Amino acid sequence: MSMTPEMRAELQALGIEPGMLGPAEQLALPPTGPQALAPAPSPATTLLPAYSPLMDTLGLRIEVDPVGGELRVISRGAAAFQVRPGLHETQAAVADEAGISRVTLQQAGRFLIESIGGTPMVVGWRDTGALVLQPVYAWPGPPVEEWTVKTQDSWMQAQLAATPDADAWSRTTLAGQLARLCEPDTRDVAALIASGRLQDLVSEVELAPRRWARTLGAPAREALEQQAMRRAEALGDDLTDLFDTLSADMGEASQAWARLCHRRDDLEGVRLLLREAGAGSALDAVLDEADRMGRAIRINLTGAVTATDERLRRVALGDPSAWWGSTDFEAHYF
């Protein structure tokens, strides 16, 4: 499943460094024997769905033919994207109006899924009976470890300790949590105000992620916002699907609701960082759509559906209008 040195060199030529790649995901293909990668024998070739949690997170589905020669990438919301079959000197196939991009794989089955503007999102390749996918996070991961040692907030320290090998997306969402949900250290507020040290009312741990966001260059800001937009679109689709779950087992519904709330809070932290970087308006528009559905569901939740962990408690206390806050608190929409 390892990437060849040749492929690494091709990715680096595209500006994709090894540190930008997230964990690899391996999708087993139907056994076909030792056949060479080639175009499908006829247009009637059946394309089989290959479930991918990574693609699902981005609101995408993937289908391949039995020998891996044809690839179809489908957007659940008909969102714009393109697929580049091969990693250099190949024409990208832009998704059609139905949100479908069809390509014939070449160059050992390598391909790159991009935004219309060319921001890389997923790289994939064929490897011994499997299709391998890796997310591309084309922005530097924030140094959250350096910031977290400066806080006495044990819950926040535990959040970081639970994800020691976090990829750039996870690290960025942790940075968003530090900026929004970190509990302040004990201090004499009256004395600080009296001495004119108003800047010390906000801790360094809360400020550091915001400063980091302001250092991001235009390509990094674009990559981060594109990733967040795809995830926000997928969240909106999943919120719509939750209506069916709410009428089923309440325990499963509570777990599903909590996961959706955490995903929404991830995006809220990223939105804050993008705003600090002078970006985020495109993400705002997508989140507005998802939030309309989220508020509608929250208003109709029964008491049997709960989401009450520490993270969501902090969300509710910090923003009473957040529909994704703890169900122990009533949400107020203004």
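Everything here concerns the structure above.
The text that follows walks through the structure, step by step, so that each part is easy to find. In this numbering scheme, every chain counts its residues from 1 along its sequence in written order. Residue-level local features of this predicted model are given only where pLDDT is at least 70; pairs of side-chain atoms are given and counted only at 80 or more, and the full residue set underlies all totals for whole chains, interfaces and linings. The side-chain quantities take in all heavy atoms of the structure and omit both hydrogens and water.

A few words on the overall build of the protein. A tally of helices and strands in the protein yields 11 helices and 10 strands. When a residue's accessible area, from a 1.4 Å probe over protein chains only, is under 20% of the maximum for its type it is buried; when over 50% it is exposed; and in between it is partly exposed. For the protein, buried positions account for 51% of its 334 residues. Accessibility throughout is a Shrake-Rupley quantity obtained with a 1.4 Å probe, and a residue counts as covered only by protein chains that appear here. Surface summary for the protein: the accessible area is close to 15500 Å², and the carbon and sulfur share equals 53%. To qualify as a helix, a DSSP run of H or I must reach at least 4 residues; to qualify as a strand, a run of E must reach at least 2; elements of each kind are numbered from the N terminus.

To continue, consider the pairing of strand β10 (residues 130-135). Counting buried positions along β10 gives 6 out of 6 residues, so the element sits mostly inside the fold. Residues Ala130, Val132 and Gln134 point to one face of β10 and Leu131, Leu133 and Pro135 to the other, with burial holding for every one of them. Sheet topology places strand β1 (residues 25-28) next to β10; 4 bridges connect them, and they run antiparallel. Each residue of the ladder has a partner; that of Ala28, found in β10, is Ala130. If DSSP finds at least two bridges between two strands, the strands pair. The pairing of strand β9 (residues 120-126) with β10 spans 5 bridges and is antiparallel.

It is worth spelling out the packing of helix α5 (residues 168-181) against helix α7 (residues 204-214) at this point. In this analysis, axes come from line fits to C-alpha atoms, helices being fitted only over the stretch in contact, and the angle between any two N-to-C directions falls in the range 0 to 180 degrees. At a minimum axis separation of 7 Å, α5 and α7 run at an interaxial angle of 135°. Between α5 and α7, the angle falls in the class oblique. For the crossing formed where α5 meets α7, the hand is left-handed. Where α5 abuts α7, its residues Thr172, Ala175, Leu178 and Ala179 lie against Val205, Glu206, Pro209, Arg210 and Trp212. Here the nonpolar group is Ala, Val, Leu, Ile, Met, Phe, Trp, Tyr, Cys and Pro; Asp, Glu, Lys and Arg are the charged ones; every other residue, Gly included, is treated as polar. Split by residue class, the contact of α5 with α7 holds 6 nonpolar, 1 polar and 2 charged. Working definition: roughly parallel below 35 degrees, roughly antiparallel above 145 degrees, roughly perpendicular at 65 to 115 degrees, and oblique for all remaining angles. Note on convention: near helix rotated counterclockwise from far helix by under a right angle means a left-handed crossing. Clockwise means right-handed. Only heavy atoms enter the contact rule, under which two residues are in contact if any of them lie within 4.5 Å.

Right, let's talk about the packing of α5 against helix α11 (residues 310-318) for a bit. In contact at an axis separation of 11 Å, α5 and α11 are set at 45° when each is read in the N-to-C sense. In this view, α5 runs oblique relative to α11, as classed from their interaxial angle. Once α5 is placed against α11, the crossing between them reads as left-handed. Contacts between α5 and α11 pair Gln177, Arg180 and Leu181 from the former with Arg311, Arg314 and Val315 from the latter.

With that settled, consider the side chain of Arg298. Inspection of the secondary structure assignment puts Arg298 in helix α10 (residues 281-299). Despite its burial, Arg298 remains without a salt bridge, the nearest opposite charge being carried by Glu330 at 8.3 Å. Side-chain atoms alone can form a polar contact between residues adjacent in sequence; in general such a contact is a pair of N or O atoms within 3.5 Å, and within protein one must be able to donate a hydrogen while the other accepts it. A distance of 2.7 Å separates a polar atom in the side chain of Arg298 from the backbone oxygen of Phe329. For Arg298, the contacting residues outside a window of four places in its chain are Trp257, Ala322, Trp323, Gly325, Ser326, Thr327, Phe329, Glu330, Ala331 and Tyr333. The charge count treats Lys and Arg as positive and Asp and Glu as negative. His and the chain ends do not count. Salt bridges are defined as contacts in which a side-chain nitrogen from Lys or Arg sits within 4 Å of a carboxyl oxygen from Asp or Glu.

Here the focus is the sheet that holds strand β4 (residues 70-75). Spatially, the 4 strands line up as an open sheet ordered β2-β3-β4-β7, and their pairing is antiparallel. Strands with a single pairing partner mark the edges of an open sheet, and in this sheet they are β2 (48-49) and β7 (100-104).

As a further point, take the sheet that holds β10. In sheet architecture, strand pairing relies on hydrogen bonds along the backbone and comes in two forms, parallel and antiparallel. Strands sit in the order β1-β10-β9-β8-β5-β6 across an open sheet of 6 strands; the sheet is antiparallel. Looking at strand neighbours, the two that pair on one side only are β1 and β6 (93-94), the edges of this open sheet. Note that strand β5 (residues 82-85) and β6 share 2 bridges and pair antiparallel. Counted as the bridge partner of Gln82 is Val94 from β6.

Moving on, we get to the packing of aromatic side chains. Note on aromatic contacts: the rings of Phe and Tyr and the six-membered ring of Trp form a pair at centre separations within 6.5 Å, being stacked when their planes are under 30 degrees apart, edge-to-face when over 60 apart, and tilted otherwise. Using the criterion set out here, one finds 4 aromatic pairs in the structure. On the basis of an interplanar angle of 80° and a centroid distance of 6.4 Å, the ring pair of Trp139 and Trp169 is categorised as edge-to-face. Linking Trp139 in the loop between β10 and α3 (144-148) with Trp169 in helix α5, this pair joins segments that are 30 residues apart in sequence. For the residue pair Trp139 and Trp169, the accessibility class agrees, reading buried in each case.

This paragraph deals with helix α1 (residues 5-13). For α1, every residue scored as buried is listed here: Met7, Glu10 and Leu11. Along α1, the residues classed as buried sweep out an arc of 100° about the axis, all on the same side. For α1, the exposed residues lying more than 90 degrees away from the buried face are Pro5 and Ala13. Following α1 by one or two positions, Gly15 has its phi on the positive side, about 85°. Working note: the arc is built from the helix axis to C-beta atom directions.

By the alternation rule, side chains of strand β8 (residues 111-114) split into Phe111 and Ile113 and Leu112 and Glu114, which are all buried. In this sheet, β8 lies alongside β5 in antiparallel orientation, the contact comprising 4 bridges. Each bridged residue has a counterpart across the sheet, and for Gln82 the counterpart in β8 is Glu114. Where β8 lies against β9, 4 bridges are found, and the strand directions are antiparallel.

Buried Ala, Val, Leu, Ile, Met, Phe, Trp, Tyr and Cys residues form a nonpolar core when they are joined through side-chain atoms within 4.5 Å. The biggest cluster of nonpolar side chains holds 67 residues, and the ones touching the most others in it are Val123, Trp139, Trp169, Leu239 and Trp257. In this structure Trp139 touches Ala168, Trp169, Thr172, Trp212, Ala220, Ala223, Leu224 and Gln227, once residues within four positions along its chain are discounted. Among the nonpolar cores identified, the runner-up in size contains 23 residues, and Ala50, Val64, Ala95 and Ile113 belong to it.

In this section: the pattern of salt bridges. Applying the stated criterion across every chain yields a total of 29 salt bridges. Put simply, Arg84 and Glu114 hold a salt bridge, and the shortest N to O gap is 3.1 Å. Note that Arg84 is positioned in strand β5 and Glu114 in strand β8, a separation of 30 residues in sequence. With its nearest N and O atoms 3.1 Å apart, the salt bridge here joins Asp96 to Arg102.

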